[in-house]
Amino acid sequence: MSLRYGLWLSLLLSPGLLLLSGCSSGPGGLLGGGAVTVHFVDSQGNPYTPSAVATQIGQGAWTSVSPASSFQISLQGNADYGVAYVCQGELFLLELTTTTDPSPTLTCTATTSPSWVPVSVTYNASSISNASSAVLYAGSSSYRLSTISCSSCTAQLPQGTYDVVLMVENTLGQAVGFAELQNQALTSTTSLSFGSISSLTPYAVSVGNIPPNFQGALSSAWVSSGGTLASLGSFSLSSSVSVPQISASGHEYLSGFASSNPSQSPVEIVGAIGPLTSAISFPPIFDPQVNTSSALPTFSLLNASGASFYDFNLNWGNYAYSAVVAPAWLGSSTSYTLPNLSNLNGFSAYLPPSGTTVRYEVGVVDGVSNLNLSSQSPFLPSSQVTIAGLSGSYVP
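To keep things clear, this report deals only with the structure shown in the data block. No experiment lies behind these values; they were computed from the predicted model shown.

## Some words on the overall build of the chain
Helices and strands together make up the secondary structure of the chain, namely one helix and 30 strands. By the burial criterion, 53% of the 396 residues in the chain qualify as buried. Long-range pairs, those at least 24 residues apart, make up 68% of the contacts in the chain with a sequence separation of at least 6. As presented, the chain carries roughly 16,000 Å² of accessible surface, and 46% of it is formed by carbon and sulfur atoms.

Right, dumping it as structure tokens:
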């Protein structure tokens, strides 16, 4: 899981859509005898072996296991279990139950970098009002073009087959024009010609429950039917906002993000993401308690109504520690301490040293029925998902 549901998760969709890659229940479900099968894949869906793996049975001690792209955990009659792994220098940890994830597939963002190829591009956006620049999108990659029209310009795009999207932007980086070429095989001999570019019309959105004195922004993004992700820009936060609307086959999403005064600590944060509709609403403020007397903090007052899961993140130096905890795993408990795995093989670096400034994030996510999120594509919610919590720092 590119588990960075990470509280603030780039909810601003900058430069693109909130990517909640996550756990997905794979085929087979709970195995006979009380076992779960865990699979690891890279961001392209290929089997991936993390550099270190640990497991937990029930709510007991964590133990190291030999890294592999797939393995089983014998639950010994327990419904609760945990999985921790290191991917690209970051520790990811999940506390799950067989009811939330009977057979999780966990994604590491690590993957082979795409091979870039020069592609010839022809387009003319001079008829689009307020056009200032243009951006090409293919898959999750983008390439900014220097002019609003060009004949046989060269763009560097990832080799492979993608929907290629052309977004024409105004001076604020907001989309005002759109064109798409579906299912294009991109090679060094490919020539792309966008014959028709559509002007985008504004769509009115009302924004509800903005906390008093909070500041933030809205962002919009579009995902083509073939999975290419394109930004439509960011917009000032107010009770009524106009965003560009695309009528082509695909999905448009809107996210919002707002925070309290950043000069105060901790900072309260709320966010929401969902399909483009005429209204978006922020969740109530969530103020858990954070005890930072130890190197790994304890979070309490985890009693949010209707929580889908709790999300915890630490960052210090070049290290990051992220955890997702299912409310079903917590049971009646309302507190959680991030486990110290530093005595296990491959996890020794993931304990903040004394005297180091550590950034923390803690939040509650609502609107996801379980942790069955897509592991190989952007998170595309069918209805609004919200997140609320705190961001702060401490020195152990």
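Okay, back to it.
## A short note on the pairing of strand β22 (residues 267–275)
The buried fraction of β22 amounts to eight of the nine residues, a majority that puts the element mostly inside the structure. Bridge count for strand β21 (residues 250–259) against β22 is seven bridges, and the pairing is antiparallel. By the bridge assignment for β22, Ser259 is matched with Ile269. The sheet contact formed by β22 and strand β30 (residues 385–394) spans seven bridges and is antiparallel. Bridge pairing in β30 links Val270 to Ala388.

## What to know about unusual backbone geometry
Going from Ser265 to Pro266, the amide bond is cis rather than trans, its omega being 0 degrees. With respect to the secondary-structure elements, Pro266 resides in the loop between β21 and β22. With a phi angle near 55 degrees, Asn183 is a residue other than glycine that sits in the positive phi range. Of note, Asn183 is situated in strand β14 (residues 175–186).

## Some details on the sheet that holds strand β6 (residues 80–87)
In space, the twelve strands of this open sheet follow the order β4-β3-β6-β7-β27-β26-β29-β30-β22-β21-β18-β19, with mixed pairing throughout. Only two strands of the sheet have a single neighbouring strand rather than two, namely β4 (62–65) and β19 (229–236). Strand-to-strand, the axes of this sheet are offset by a mean angle of 20 degrees, without reference to chain direction.

## Thoughts on the environment of Ser249
The residue Ser249 is located in the loop between β20 (240–245) and β21 in this model. Here the alpha-carbon distance between Ser249 and Gly226, two residues 23 residues apart in the chain, equals 9.6 Å. When residues no more than four places from it in sequence are discounted, the contact partners of Ser249 are Glu180, Trp222, Ser224 and Ser225.

Calculation rules
Residues numbered from 1 in each chain as written. Predicted model: local features only at pLDDT ≥ 70, side-chain atom pairs only at ≥ 80, totals over all residues. Heavy atoms only, no water. Helix = DSSP H or I, 4+ residues; strand = E, 2+ residues; numbered from the N terminus. Buried < 20%, exposed > 50% of the residue type's maximum accessible area, 1.4 Å probe, protein only. Contact = heavy atoms within 4.5 Å. Areas by Shrake-Rupley, 256 points an atom, 1.4 Å probe, with all protein chains shown as cover. Pairing = 2+ DSSP bridges. Axes fitted to C-alpha atoms, helices over the stretch in contact; angles between N-to-C directions.

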